[in-house]
Amino acid sequence: MKFGLIFLGWAAAAVAQYSMFPAVRGTREMVGAANNFEVEAGYRLLQQGGNAVDAGVAAVLAATVTEQARVGLGGEMPLIIKMKGKPARVVSGVGTAPQKATVEYFRKRPREPWEREGRVPPIPSEGLQAAILPGLVSGLLLALEENGTKSFGEVAAPAIEYAEGFPIGEEYVSFIRNTAPLLMLWPTSRDFFLPGGVPPERGQIFRMANLARTLKEMAAAEKKARGNRQKKIRAVHELFYQGDIAKRIAAFNEANQGLIALEDLKKFRAEWDEPRRGTFAGYEVLKPGFWTQGPVMIQALNLLAGYDLKAMGHNSPEYLHTVIEAVKLAFADRDRHYGDPKFSKIPEETLLSMAYAEERRKLINPASASLEHRPGTIGTMPPTPTQGGGESSAQDTTCVNVVDRWGNVFTATPSGAWLPSVIAGDTGIPMSTRGQSFVIDAGHPNQVGPGKRPRVTLSPTMVLKNGEPYLAMSTPGGDNQDQAMLQVLLNMLVFGMHAQDAVEAPRFQTEHFYSSFAQKEFQAGLVNLESRFPRATMEALRAKGHKIVVKGDWSNGSAPTVIRIEGGVLEGGADPRRGRFIFGR
């Protein structure tokens, strides 16, 4: 009898479920993204002999179909690529403001039909006035041309297949239902998202005939072009930004009071950039530049390097208070000092220096939460953003991470053209509304202007150990992205968690910053906590002055996928909060 009880206990332990999403590990290759379609698209390319860039591009294209609630072909995307034996590089696939997008225009702009008196933001949150140029396609083509091995037709094949019909998921359906009143205002969007005038049902085969045709036109342009693989891929870019597709996008904008013109599209091309770098606990952290919020993570890590976080205890009141206060200081610098470095002199060296972090760290009071917005004083101080009087709403973003059998790594944060989106005529392409992330305030580095990139929230992460890839991570979540990924990273680097445990652990979300979206609201001291935190922890944070709002068990707005590379093993993490998906072997 005693032996039987021991055996039963051993058997129960052997089948224990340690996480909401089962741990995924492998030794050769791995793809993490938002759903099974995207992961399958990437993995299909790996199985066909493609590398991480081929697979990443295929997964992103599949996302613009199967997850068009959060990202579309008219959107934007920063990505980090590290090819085996070569330095990491960043692709800026973020579109720029068209020539008509001036401060003067937005100061005098007409009110949109859906905007309420007293809650009109400087730049609209929806519609064609908020559109920037589509940057995602150019970024994907640049990555594919220089670091991929496959043709555009090959990497686009899964997306074309899905555009011809795929079973639509719950989240996508929910977004269509919730935004239907706005979609009905735009006939092209109504016909695209509400076939027959009603939203699709979950699991129903959803067809995007116009988008499928556009993708096929792009593949056909490549096939028709002469020359080597690179020249053929450039022919796809020419079609999209100068040829028939560009002309149709521009004509639709002109006919519907949009700001984008053909000349804007002709001038646009994504470009390479150097990653911004920081160090923490012996690891090198790579982020995209100050045209994103990416350096926020480096600044926060620099502040936290002065504490013994492990001794505080994971998610203890002391630990949470310290990390929250560090994040607030980093975001304050983002709100005042970040913008497109092509147009403004960003004090990058100062912001990323340890000397600056040491001075800023003195502002963190271990006994009380700050309710002030406290950017560092560096030169002439830019103004705070003008607020709109309402609450921002952005459906945001997805994530794609790939590691291949050769050790190449791709990490991207595709976004933009989310619902409710305006479909550009018969192209099937939704237009971005990322222009809302600009400010109109004179002297601010993120002030709207022709040819400028808005400072985006999009922020993929790569971590190196001894110069080799150790981790790739990206997430949706708008302003929450870097504070969520910071917590996941600390869970792994400081507390030794496995990847899946790290993404599932309870998280906080401070709102103590000026929103990156239309209304630019600032919510001093507000911290959202998942209800899985102990009540005693919540009360201890309240006692320090944090304005605690307790939400659902899995309510945090971000949902990363992460791939760790250690000891010859690929270990994946997929956040169940928004149904992330990961697979490898």
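The paragraphs below set out a description of the structure included in this document.

Rules used in this analysis
Residues numbered from 1 in each chain as written. Predicted model: local features only at pLDDT ≥ 70, side-chain atom pairs only at ≥ 80, totals over all residues. Heavy atoms only, no water. Pairing = 2+ DSSP bridges. Helix = DSSP H or I, 4+ residues; strand = E, 2+ residues; numbered from the N terminus. Axes fitted to C-alpha atoms, helices over the stretch in contact; angles between N-to-C directions. Contact = heavy atoms within 4.5 Å. Buried < 20%, exposed > 50% of the residue type's maximum accessible area, 1.4 Å probe, protein only. Polar contact = N/O pair within 3.5 Å; in protein donor to acceptor, adjacent residues only side chain to side chain. Salt bridge = Lys/Arg side-chain N within 4 Å of Asp/Glu carboxyl O.

**Points about the sheet that holds strand β15 (residues 526–530)**
Ordered in space as β14-β15-β16, the 3 strands form an open sheet in which the pairing is mixed. Edge positions in the sheet fall to β14 (508–510) and β16 (547–551), since each of these pairs with one other strand and no more. In this sheet, neighbouring strand axes are inclined to one another by 25° on average, regardless of whether the strands run parallel or antiparallel. Together, β15 and β16 form the strand contacts of helix α20 (residues 535–543), whose direction differs from that of β16 by roughly 155°.

**Side note on the sheet that holds strand β9 (residues 283–287)**
Pairing is antiparallel in the open sheet, where 7 strands are placed in the order β1-β18-β17-β13-β12-β9-β8. Taken across any chain shown, the strands that pair with only one partner, and hence form the sheet edges, are β1 (24–26) and β8 (276–280). On average, each strand axis in the sheet is inclined to that of its neighbour by 20°, with strand direction left out of account. Where β1 meets strand β18 (residues 569–574), 3 bridges bridge the pair, whose relative direction is antiparallel. By the bridge assignment for β18, Gly26 is matched with Leu570. Running at roughly 25° to β8, helix α13 (residues 295–304) makes contact with β8, β9 and β12 (461–465) of the sheet. In the packing of helix α18 (residues 481–493) onto the sheet, the strands contacted are β8, β9, β12, β13 (468–474) and β17 (561–566), and the crossing angle to β13 comes to about 140°.

**Regarding unusual backbone geometry**
Between Leu419 and Pro420 the backbone carries a cis peptide bond, its omega angle lying at 0°. Looking at where Pro420 falls in the secondary structure, it is placed in the loop between β11 (409–412) and β12. Residues other than glycine seldom take positive phi values, yet Gln257 does so here, at roughly 60°. Within the element layout of this structure, Gln257 appears in the loop between α11 (244–255) and α12 (262–267). With a phi angle near 55°, Asn466 is a residue other than glycine that sits in the positive phi range. With respect to the secondary-structure elements, Asn466 resides in the loop between β12 and β13. Asn466 gets classed as exposed once you look at its relative accessible area, which sits at 72%.

**Side note on the environment of Gly56**
With respect to the helices and strands, Gly56 occurs in helix α3 (residues 52–66). Relative accessible area serves as the criterion here: at 0%, Gly56 is assigned to the buried category. Taking the C-alpha atoms as reference points, Gly56 and Leu211, 155 residues apart in sequence, are found 20 Å from one another. If sequence neighbours within four positions are ignored, Gly56 has contacts with Val400, Val402 and Phe410.

**Notes on the side chain of Thr427**
On the secondary structure map, Thr427 appears in the loop between β11 and β12. The exposure class of Thr427 is buried, given its relative accessible area of 0%. There is a polar contact of 2.7 Å between the side chain of Thr427 and the backbone oxygen of Ala424. When neighbours within four sequence positions are excluded, Thr427 is seen to be in contact with Asn210, Leu211, Thr214, Arg248 and Ile249.

**Some points on the pairing of β8**
Side chains Arg276, Gly278 and Phe280 of β8 all project onto a buried face; the interleaved residues Arg277 and Thr279 project onto a face where none is buried. Strand direction decides the pairing type here: β8 and β9, joined by 5 bridges, are antiparallel. What sits directly across from Thr279, in β9, is Glu284. A loop of 2 residues connects β8 with β9, the two strands running antiparallel in sequence, and Ala281 in this loop sits at a positive phi of about 55°.

**A closer look at the pattern of salt bridges**
Tallied over the full model, the rule gives 39 salt bridges. Glu76 is paired through a salt bridge with Arg434; the nearest N and O atoms lie 2.8 Å apart. Note that Glu76 is positioned in the loop between α3 and β3 (77–82) and Arg434 in the loop between β11 and β12, a separation of 358 residues in sequence. Arg434 gets classed as buried once you look at its relative accessible area, which sits at 0%.

Shape descriptors only; they carry no functional weight alone.
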